[in-house]
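So the chains spell out like this:
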Amino acid sequence: MTVTHFSELELDERLIIALHDKGYERPTAIQAEAIPPAMNGRDVLGSAPTGTGKTAAFLLPVLQHLLDFPRKKSGPPRVLILTPTRELAMQVADQARELVAHTSLDIATITGGVAYMNHAEVFSENQDMVVATTGRLLQYIKEENFDCHAVETLILDEADRMLDMGFAQDIEIISAETRWRNQTLLFSATLEGEAIHAFAERILKEPVKVEADPSRRERKKILQWYYRADDVQHKTELLAHLLKQPDVQKSVIFVRKRERVHELATWLREAGINTCYLEGEMVQAKRNEAVKRMMDGRIDVLVATDVAARGLDIIDITHVFNFDMPRTADTYLHRIGRTGRAGRKGTAISLVEAHDHRLLGKVGRYLNEPLKPRVIDELRPKTKMPNEKSNGKPSKKLLAKRIQDKAKNKEKAKVKVRHRNTKNVGKRRQAKAKRENDA
Ligand code: AMP
């Protein structure tokens, strides 16, 4: 049976009211699939990229459990959620707080970037649910400041990212520390690859696999195309032009490296575009400020790296720009998921240099439809379109020709008679001839 309304999920009235407050009318595909087995206490292995409603898919069943079995006296957390980044931890906690607005459940976060003692309240007061990043949590566990004994449900959000970021071992330690738990929920953008499978096998017990393939449906809402660019300079011109289009209201621009974040933000500001940025090394307060400025619309353009923008949930982003193409098709999918959220339309535009064409092909195959090229008349590329196989490198034939040409040029250079060599001819010639005889 497919669940089409929240009322079919036997959720507590207080949660239903909160869902109504948030404007959720009916469950998304992943919510409809994951909530019933999770409410029955089963482990869940969920495949769901961001933008599909996965957060509520794992929050609702555990919140329901906390309401069904209220604790008799205050104590340490009963639900522990791990996320790859601080931003995601805060966003998950914010959603949870909205969902428990009509209950007395307590939600806390434990992340890096916050003074150690600011977490003191987490240890002293009652906590029902803690959302944490692994590094700081482990520190508290090791120093016996965090009590894992009461954890009944462990949730891993964006597990593939956590593995990518090298947190596998940390999570396994936390999993061992919470071994008395009854339930584990693991959500990941994709379940492809040996690493995530092996990992899930170690952490989960006979999980129900939910793979609502919502991505295809969700993706339909995101228009995607690309512009060919000759070089970085050309990309900057294209971007500045595109950002000034009237339909481009709120954008996230992805770049590959941290250094590029600052560079591009400066260029854009110079071009008169009000820009803020997010990068991994920024202090937490500055990061929060950037996200806040985007959220309340004081700034409409955010430049970010993949790591910094992970989990970013700003509902009205109209455009995602790939200033630098990502390294993998999976990251591409993650990036474009920042737009087209909660049923809105979104546009994802990639700026593609010659060396990006192979990846462009991969993305097309991954999405089952090739990205379409577009051209801005006054900013047409001067270079030719490379074929996909060449990856922007010159073909063997072209290379051979270039080597030949180079050799020819060298020859020419040898016989070239420069004006300065013809001055003082007598003396100079003699000297040269002598040198050559000596050699
Ligand atoms: P997520 O995939 O959890 O990051 O959620 C993506 C966006 O969809 C967030 O802005 C959520 O607030 C929103 N959302 C989640 N569930 C629903 C729902 N059932 N109806 C409408 N919007 C939702």
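Residues numbered from 1 in each chain as written. Predicted model: local features only at pLDDT ≥ 70, side-chain atom pairs only at ≥ 80, totals over all residues. Heavy atoms only, no water.

Draft legend 1. Main features of the pattern of salt bridges. One pass over the full model with this rule turns up 19 salt bridges. Two residues, Asp12 and Arg14, come together in a salt bridge whose shortest N-O distance is 2.9 Å. Owing to a relative accessible area of 16%, Asp12 belongs among the buried residues under this scheme. Among the salt bridges present, the one from Lys22 reaches Glu98, with a minimum N-O distance of 2.3 Å. Residue Lys22 is found in helix H1 (residues 13-22), and its partner Glu98 is found in helix H4 (residues 86-99); the two are separated by 76 residues along the sequence. Relative accessible area serves as the criterion here: at 26%, Lys22 is assigned to the partly exposed category. (Salt bridge = Lys/Arg side-chain N within 4 Å of Asp/Glu carboxyl O. Buried < 20%, exposed > 50% of the residue type's maximum accessible area, 1.4 Å probe, protein only. Helix = DSSP H or I, 4+ residues; strand = E, 2+ residues; numbered from the N terminus.)

Draft legend 2. Here's a closer look at the packing of helix H11 (residues 232-243) against helix H12 (residues 258-270). Look at H11 against H12: their axes get within 11 Å of each other, and the N-to-C directions meet at 55 degrees. With respect to their mutual orientation, H11 and H12 come out oblique. Handedness of the crossing formed by H11 with H12: right-handed. Contact residues: H11 offers Val232, Thr236, Leu239 and Leu243, while H12 offers Arg260, Leu264, Trp267 and Leu268. (Axes fitted to C-alpha atoms, helices over the stretch in contact; angles between N-to-C directions. Parallel < 35°, antiparallel > 145°, perpendicular 65-115°, else oblique. Left-handed = near helix turned anticlockwise from the far one by under 90°. Contact = heavy atoms within 4.5 Å.)

Draft legend 3. Summary view of the site of the ligand. Around the ligand lies a shell of 17 residues, among which Tyr24, Gln31, Gly51, Gly53 and Thr55 are the nearest. At 2.5 Å, a side-chain N or O of Tyr24 approaches an oxygen atom of the ligand. Here Gln31 contributes a side-chain N or O atom positioned 2.8 Å from a nitrogen atom of the ligand. Out of a free accessible area of 500 Å², the ligand has 89% covered by protein chains. (Near = heavy atom within 4 Å. Polar contact = N/O pair within 3.5 Å; in protein donor to acceptor, adjacent residues only side chain to side chain. Areas by Shrake-Rupley, 256 points an atom, 1.4 Å probe, with all protein chains shown as cover.)

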